[in-house]
Amino acid sequence: MKFRNSVLLSALMAATALGGIANAQDGEKQYRFVMVSHIGSNDPNMGWLTKSMEEFEKKYPNVKTEYISTNNYSVQEHVRLLEQAISTQPDGIAVPIVSSDAFEGPLRKAIEAGIPVVAFNIPDGRPEGERIPYLTYVGGDEYLTGKKLGEYALEKARSWRNSETDPCRLRKP
């Protein structure tokens, strides 16, 4: 849970980093960044995320952050919200790529319109030349995480199997 919180906060910060840089250059311009997410208001992460966004806006008053999602998730609804956000021409968008096929059209349209896009939590998992060309991905490598956890579990199982406390060794035939 802490890792997921860190990932989402990092995505927010990456999506708004351009605003922070711009703040140092031009204190008058207003910036608006939108997170279009798959996590609705009924998710337990919303408390800390809402607080983080509020704190960020206090620190950078010329940057507004918006979070849009739905509690009844569907890819089609996510795409609709994404298209709605793009149509408002924000200064940047952060989005988890829950479906490369469904998100490709809207995100390429946003990128071609000059809207910076950051992927968070879920990257475009396709091969390098086929991916949506967003600026960066903020999040974990789920394959690598699973692989390392599996290797760790196997190592522990092997060492336990060879130990004196192995229940299989203590059983009578």
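None of these values were measured; they are calculated from a predicted model.

Before we move on, can you summarise the environment of Ser37 with the specific residues and values?
Structurally, the position occupied by Ser37 is in the loop between β1 (31-36) and α2 (46-59). Residue Ser37 is classed as buried on the basis of its relative accessible area, which comes to 1%. Sequence spacing of Ser37 and His78 is 41 residues, and the spatial spacing of their C-alpha atoms is 7.4 Å. With sequence-adjacent residues up to four places away left out, Ser37 is seen in contact with Tyr67, Ile68, Ser69, His78, Pro96 and Phe120.

A description of the pairing of strand β4 (residues 117-120) should follow, citing residues and the corresponding values.
Where burial is concerned, the two faces of β4 agree: the one with Val117 and Ala119 and the one with Val118 and Phe120 are both buried. By the bridge criterion, three bridges tie strand β3 (residues 92-95) to β4 in an arrangement that is parallel. Paired with Ile93 across the strands is Val117, a residue of β4. Following the chain from β3 across helix α4 (residues 100-112) to the adjacent parallel β4, one finds a crossover that is right-handed.

Give a detailed account of the environment of Tyr73, specifying residues and quantitative values.
Its place among the elements puts Tyr73 in the loop between β2 (63-68) and α3 (75-87). Linking Tyr73 and Ile39, residues 34 residues apart in sequence, is a C-alpha distance of 8.1 Å. Among all residues touching Tyr73, those that are not within four sequence positions of it are His38, His78 and Val98. Within polar-contact distance, the side chain of Tyr73 engages the side chain of His78 at 2.9 Å.

Tell me about the nonpolar core, residues and numbers included.
Membership of the largest hydrophobic core comes to 18 residues, with the highest contact counts inside it found for Val36, Leu82, Ile93, Val95, Ile97, Phe103 and Leu107. For this core, the elements supplying multiple residues, two or more each, are β1, α3, β3, α4 and β4. When residues of this core are assigned to their parent elements, the largest contribution, five residues, is made by α3. Beyond its immediate sequence surroundings of up to four residues, Leu82 is in contact with Val36, Ile93, Val95, Phe103, Pro106 and Leu107. Formed by eight residues, the second largest nonpolar core is a distinct cluster that contains Met46, Met53, Ala94 and Phe120.

Quick one: what's the story with the side chain of His78, residue by residue and with numbers?
Mapped onto the elements, His78 comes out in helix α3. We classify His78 as buried; its relative accessible area is 1%. Those residues in contact with His78 that lie beyond four places of it in its chain are Val36, Ser37, His38, Tyr73, Val95, Pro96, Val98 and Phe103.

So what's going on with the sheet that holds β2? Residues and values would help.
Strand order in this open sheet of five strands is β2-β1-β3-β4-β5, and the pairing throughout is parallel. In the strand order of this sheet, the two ends are held by β2 and β5 (136-138), each with one partner. With strand direction ignored, the average angle separating the axes of adjacent strands in the sheet is 20°. Bridging between β1 and β3 involves three bridges; their strand directions are parallel. Bridging from a neighbouring strand, Phe33 pairs with Gly92 of β3. Across the sheet, α3 is in contact with β1, β2 and β3; its angle to β1 comes to roughly 170°.

Criteria and thresholds
Residues numbered from 1 in each chain as written. Predicted model: local features only at pLDDT ≥ 70, side-chain atom pairs only at ≥ 80, totals over all residues. Heavy atoms only, no water. Helix = DSSP H or I, 4+ residues; strand = E, 2+ residues; numbered from the N terminus. Buried < 20%, exposed > 50% of the residue type's maximum accessible area, 1.4 Å probe, protein only. Contact = heavy atoms within 4.5 Å. Pairing = 2+ DSSP bridges. Right-handed = clockwise from strand over helix to strand, strands pointing away. Polar contact = N/O pair within 3.5 Å; in protein donor to acceptor, adjacent residues only side chain to side chain. Core = buried A, V, L, I, M, F, W, Y, C linked by side-chain atoms within 4.5 Å. Axes fitted to C-alpha atoms, helices over the stretch in contact; angles between N-to-C directions.

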